Amino acid sequence: MKTRTVPNRTYLTEKEMPEKWFNVRSAMKVKPEPMIHPGTKQPLGFKDIQPIFCDEVIRQELDNDTPYVDIPDEVLRYYRMFRPSPLCRAYELEAALDTPAKIYYKFEGNNTSGSHKLNSAAPQAYYAKKQGLKSITTETGAGQWGTALSMACAHFGLDLTVFMVKVSSEQKPYRKAVMETYGANVIASPSATTDIGKKLLADFPGTGGSLGCAISEAIEAAVKSGGSSRYTLGSVLNHVLLHQSVIGLESKAALEKLGEYPDIVIGCAGGGSNFGGIIAPFVKDKLDGKKVKLLAVEPANCPSLTKGKFEFDFGDTGKITPMMKMYTLGSEFIPPPDHAGGLRYHGMSPIISKLYEDKLIDAIAVPEQDVFKSARLFAKTETILPAPESAHAIHAAVLEAQNCKKTGEAKTIVFCLSGTGYFDLAAYVKNA
Ligand SMILES: *Cc1c(COP(=O)(O)O)cnc(C)c1O
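Now for a quick tour of the structure. (Residues numbered from 1 in each chain as written. Predicted model: local features only at pLDDT ≥ 70, side-chain atom pairs only at ≥ 80, totals over all residues. Heavy atoms only, no water.)

### Re the overall build of the protein chain
Within the protein chain, the regular secondary structure consists of 17 helices and 15 strands. Taken against the 2.2 N^0.38 rule, which gives 22 Å for 432 residues, the C-alpha radius of gyration of the protein chain at 20 Å falls within 12% of a compact globule. The principal-axis extent of the C-alpha atoms belonging to the protein chain is close to 60 × 45 × 40 Å. Counting the 432 residues in the protein chain, one finds 59% classified as buried. When contacts within the protein chain are restricted to residue pairs at least 6 apart in sequence, long-range pairs at least 24 apart make up 75% of them. Surface accessibility of the protein chain: about 16,700 Å² in total, with carbon and sulfur atoms responsible for 54%. Charge centroids of the protein chain, computed over 50 positive and 47 negative side chains, lie 2 Å from each other. (Helix = DSSP H or I, 4+ residues; strand = E, 2+ residues; numbered from the N terminus. Rg over C-alpha atoms; globule rule 2.2 N^0.38 Å. Buried < 20%, exposed > 50% of the residue type's maximum accessible area, 1.4 Å probe, protein only. Contact = heavy atoms within 4.5 Å. Areas by Shrake-Rupley, 256 points an atom, 1.4 Å probe, with all protein chains shown as cover. Lys, Arg positive; Asp, Glu negative; His and termini not counted. Charge placed at Lys NZ, Arg CZ, Asp CG, Glu CD.)

The following block contains the structure:
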């Protein structure tokens, strides 16, 4: 048994919490490509996307240069109700693996959304309110983003319409109930409330919907509001990764308190926001010459980084979004049904894609069965029931720790435990 030299859980004090987000693009020598118009292929400027997103979010989206961005006081006050999140030392998991490695995880599931998504939902709702908007719209698949945004809208005083993929709303009725408890208007997509929805219902009666279709409906609802509403997205985009940098900044500060620096930083990658968040300050270190491995973990069923092409593609199946240069399986790709709902996206954040192209990060794809083995081991040893998405990161940490056992190296491994799996028990039953 190892002697326990550091606490099980390390928290920053409120004073030590970051008061600025870190913009990883400012450190990148070659920036990610801007979004382009699918017809003209010209980069999109502020005015082009103003009908869709709220102004401050667009400024952040287009800003490749400002390194540190102030977190507004109102958002900091909200953050302090669920942050800092703990940096946990996985002593029990280490013991079960009999590894010399030191494993840490940053636990982001300690809020009602059960995930890191609240870190970006809060500022997005705040900026919309500050601009004088009445409402915002969004889509949700697995339900974590819709839940986070309903919480943030309830706090900042905004109406919210969530287009929830119809099959998900039927499979996860309690996710819908949570969003409604916080006051959101949840509509099963496709719906008869939008032109795109009506057309889909006519063309494909009985369809269970898709994320791509729900995105199209949410954008249409915002654009047709006559200016009182905007659309919001919970992953992929640059401003979302900016907000999620709070995960990495807190992790790095907590590690410093313990006198640690990671050899490996791991995150699961769906659209890339929790991974982009935890690696943000370490990307800068790596560009400054530090040696650190940054590892994205994706499902074998939806391997955009490891099997996709790096090219301009649409963000949705309906092809109504701008095009982004990213690793993509093609906007028509429908991943086979598996249970990591939040990782089932055909593309990858343009920032993460560019870092991968430039060999600053690594990526692996792992099969669902193995992921659930590691999820159960983690639940039994560390007490927390992980989200199936987060379990991809756990599995990669387990593989790295097993490798350390072979080589005898005591590497320091840090991963992002992006959320909890209480709404995903069907997935645990299926993978028992
Ligand atoms: C949404 C979600 C993910 C995947 O999204 P990223 O943008 O890749 O972080 C991962 N884990 C959890 C718990 C989620 O809710």
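### Observations regarding the pairing of strand β5 (residues 102-107)
Counting buried positions along β5 gives five out of six residues, so the element sits mostly inside the fold. Pairing analysis gives three bridges linking strand β4 (residues 87-89) to β5, with the strands arranged antiparallel. Across the sheet, Arg89 pairs through a bridge with Tyr104, a residue of β5. Summarising the sheet, β5 and strand β15 (residues 412-417) pair through six bridges and their orientation is parallel. (Pairing = 2+ DSSP bridges.)

### Some points on the sheet that holds strand β9 (residues 229-231)
Reading across the sheet, the four strands line up as β8-β7-β6-β9 and stay open at both edges, with parallel pairing between neighbours. Looking at which strands have only one partner, the edges of the open sheet turn out to be β8 (185-189) and β9. The sheet shows a mean angle of 25° between the axes of neighbouring strands, taken without regard to direction. In the sheet, strand β7 (residues 159-165) pairs with β8 via five bridges, with the strands oriented parallel. Bridged to Thr161 within β8 is Asn185. (Axes fitted to C-alpha atoms, helices over the stretch in contact; angles between N-to-C directions.)

### Things to note about the sheet that holds strand β14 (residues 362-366)
Here seven strands make up an open sheet; going across it, the order is β1-β4-β5-β15-β10-β11-β14 and the pairing mixed. What marks the edges here is a single partner per strand, and that holds for β1 (9-10) and β14. The pairing of strand β10 (residues 264-268) with strand β11 (residues 293-299) spans five bridges and is classified as parallel. From the neighbouring strand, Cys268 faces β11, where its bridge partner is Val297. Packed onto the sheet, helix α16 (residues 388-407) meets β5, β10, β11, β14 and β15 and runs at close to 150° relative to β10.

### Concerning helix α5 (residues 118-130)
With 13 residues, α5 ought to run about 18 Å at 1.5 Å a step, and its terminal C-alpha atoms sit 18 Å apart, in line with that. Extensive coverage of α5 is indicated by the burial of 11 of its 13 residues. Phi turns positive one or two residues past the end of α5, at Gly132, with a value near 90°. (Expected span 1.5 Å × (residues − 1).)

### Re the packing of aromatic side chains
Aromatic ring pairs are described here by two measures, namely the spacing of the ring centres and the angle between the planes. Within this structure, the stated rule accounts for 14 aromatic pairs. Centroid distance Phe22 to Tyr68: 5.1 Å. Interplanar angle 40°. Geometry classified as tilted. Of this pair, Phe22 sits in strand β2 (residues 20-22) while Tyr68 sits in strand β3 (residues 68-70), and the two are 46 residues apart along the sequence. Of the residues examined, Phe22 reaches a relative accessible area of 3% and is grouped as buried. (Phe/Tyr/Trp six-rings, centres within 6.5 Å; stacked < 30°, edge-to-face > 60°.)

### Re unusual backbone geometry
The residue after Arg83, namely Pro84, is reached through a cis peptide bond having omega 0°. Structurally, Pro84 can be placed in the loop between α3 (73-79) and β4. Residue Pro190 is reached from Ser189 by a cis peptide bond, and omega for that bond is 5°. Within the fold, Pro190 resides in the loop between β8 and α9 (195-203). A positive phi is found at Lys41, a non-glycine position, where the angle reads about 65°.

Everything listed here is a matter of geometry and, on its own, says nothing about what the molecule does.
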